[in-house]
Amino acid sequence: MLRFEQVTKGYSGGFVALDRVSFELEKGEMAFLTGHSGAGKSTLLRLISLIERPSAGRVFINGVDLSKIRQRQVPYIRRDIGMIFQNHKLLMNHTVFDNVALPLVIEGFSGKDMAKRVHAALDKVGLLDKVRCLPHTLSGGEQQRVGIARAVVNRPPLLLADEPTGNLDPELSKEIMGVFEAFNQVGVSVLIASHDLSLLARMRYRTLTLRNGRMINDGLSWGADE
Ligand code: ADP
Ligand code: ADP
């Protein structure tokens with residue numbers, strides 16, 4: 001599904017945010033990406049979603065070498081990736097329906113097809129009863145689930161999440177993780193960047209650890225008893 005080959009990313013000014021990082025994420029696999037603040041987690045995710053380009057090395061999605069992708073092809077690649085952020089940037093004066101429908105509107109969906117998909121996505125995150133609500137009337141956990149519904153509404157095979165539980169208490173974090181697990185169980189590949197060690201310790205998943213831009217560990221999450 002996803003392959004990094006010796007990927008280095010330097011920013012202008014010479015700062016190296018990622019240093020020769022290699023790993024593979026199989027189709028249908030779920031993994032965490034962890035490391036201290038500034039370790040390079042967001043940079044790694046931004047290389048996958050083509051917000052940034054590597055300085056050296058190659059990134060593949062489904063066998064496609066992203067270095068061969070021209071700028072005008074970027075939207076086609078992004079269609080296969082659902083992105084979830086800590087601050088999900090919901091449109092606060094639009095309903096939950098409109099927020100989730102946005103990626104479909106951009107793709108030219110309308111009417112019944114669009115409504116069906118929006119309802120299916122909201123059903124998966126357990127928010128069907130909120131479809132007509134405005135985001136500010138929802139709790140933090142519910143708003144995060146709207147962000148997830150929007151990310152999955154066009155059924156991408158790969159989900160990327162950047163600190164998706166950053167603002168949530170442990171109980172809600174668990175709930176959000178349950179949502180990711182449910183997508184993973186139907187074959188979606190999931191990569192979750194998080195520095196929440198207590199959350200990682202509670203979940204038995206492969207964990208990729210970055211330190212100062214280097215991949216220093218790739219194994220079961222810390223604290224998980226083998
Ligand atoms: P993390 O997500 O693990 O906190 P980041 O990937 O956001 O790490 O950042 C890694 C390092 O790269 C940090 O030191 C950060 O300041 C730096 N960095 C990130 N984006 C840029 C940028 N656009 N220009 C220069 N430096 C950047
Ligand atoms: P996050 O906590 O989400 O990882 P950031 O690190 O690193 O947030 O990045 C927020 C934004 O600021 C990003 O678009 C990133 O490219 C930019 N950025 C981060 N660090 C730097 C930096 N040292 N110089 C310039 N831009 C940066």
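Below is a short write-up of the structure. Every value quoted in this text rests on a predicted model; they were computed, and no experiment measured them.

If you trace the four strands from one edge of the open sheet to the other, you get 2-1-4-5, paired in antiparallel fashion. With one partner strand each, in any of the chains shown, strand 2 (16-25) and strand 5 (64-65) form the two edges of the open sheet. Bridge count between strand 1 (residues 2-10) and strand 4 (residues 56-61): five bridges; the pairing is antiparallel. Each residue of the ladder has a partner; that of Glu5, found in strand 4, is Arg58. Across the face of the sheet, helix 1 (residues 41-48) comes into contact with strand 1, strand 2 and strand 4 while running at roughly 120 degrees to strand 1.

This brings us to the pattern of salt bridges. This model, assessed by the stated rule, comprises 13 salt bridges. Between Glu5 and Arg3 there is a salt bridge, with its nearest N and O atoms 3.1 Å apart. Among the salt bridges present, the one from Glu175 reaches Arg145, with a minimum N-O distance of 3.3 Å. Separated by 30 residues along the polypeptide, Glu175 in helix 6 (residues 170-185) and Arg145 in helix 5 (residues 140-152) bring together distant segments of the chain.

Across all of its chains, the model carries two aromatic pairs by this definition. Taken together, a centroid distance of 4.8 Å and an interplanar angle of 20 degrees make the contact between Phe4 and Phe23 stacked. Placement of the pair is Phe4 in strand 1 and Phe23 in strand 2, with a sequence separation of 19 residues. Arranged with centres 6.0 Å apart and planes meeting at 70 degrees, the rings of Phe32 and Tyr205 form a pair that is edge-to-face. Of this pair, Phe32 sits in strand 3 (residues 30-34) while Tyr205 is found in the loop between helix 7 (197-202) and strand 9 (206-211), placing the two residues 173 residues apart along the sequence. Residue Phe32 is classed as buried on the basis of its relative accessible area of 0%. Between Arg3 and the ring centre of Phe60, over which it is positioned, the NZ or CZ distance is 4.4 Å. The lysine or arginine in question, Lys89, covers the ring of Phe85, its NZ or CZ lying 4.9 Å from the ring centre.

Here we come to the side chain of Asp162. By the element assignment, Asp162 lies in strand 7 (residues 158-162). A polar side-chain atom of Asp162 sits 3.0 Å from a polar atom in the side chain of Ser42. Residues within four places of Asp162 in sequence aside, it is in contact with Ser42, Leu45, Ile84, Phe85, Gln86 and Ala193.

Rules and cut-offs
- Residues numbered from 1 in each chain as written.
- Chains lettered and ligands numbered in written order.
- Predicted model: local features only at pLDDT ≥ 70, side-chain atom pairs only at ≥ 80, totals over all residues.
- Heavy atoms only, no water.
- Pairing = 2+ DSSP bridges.
- Helix = DSSP H or I, 4+ residues; strand = E, 2+ residues; numbered from the N terminus.
- Contact = heavy atoms within 4.5 Å.
- Axes fitted to C-alpha atoms, helices over the stretch in contact; angles between N-to-C directions.
- Salt bridge = Lys/Arg side-chain N within 4 Å of Asp/Glu carboxyl O.
- Phe/Tyr/Trp six-rings, centres within 6.5 Å; stacked < 30°, edge-to-face > 60°.
- Buried < 20%, exposed > 50% of the residue type's maximum accessible area, 1.4 Å probe, protein only.
- Lys NZ or Arg CZ within 6 Å of the ring centre and 35° of its normal.
- Polar contact = N/O pair within 3.5 Å; in protein donor to acceptor, adjacent residues only side chain to side chain.

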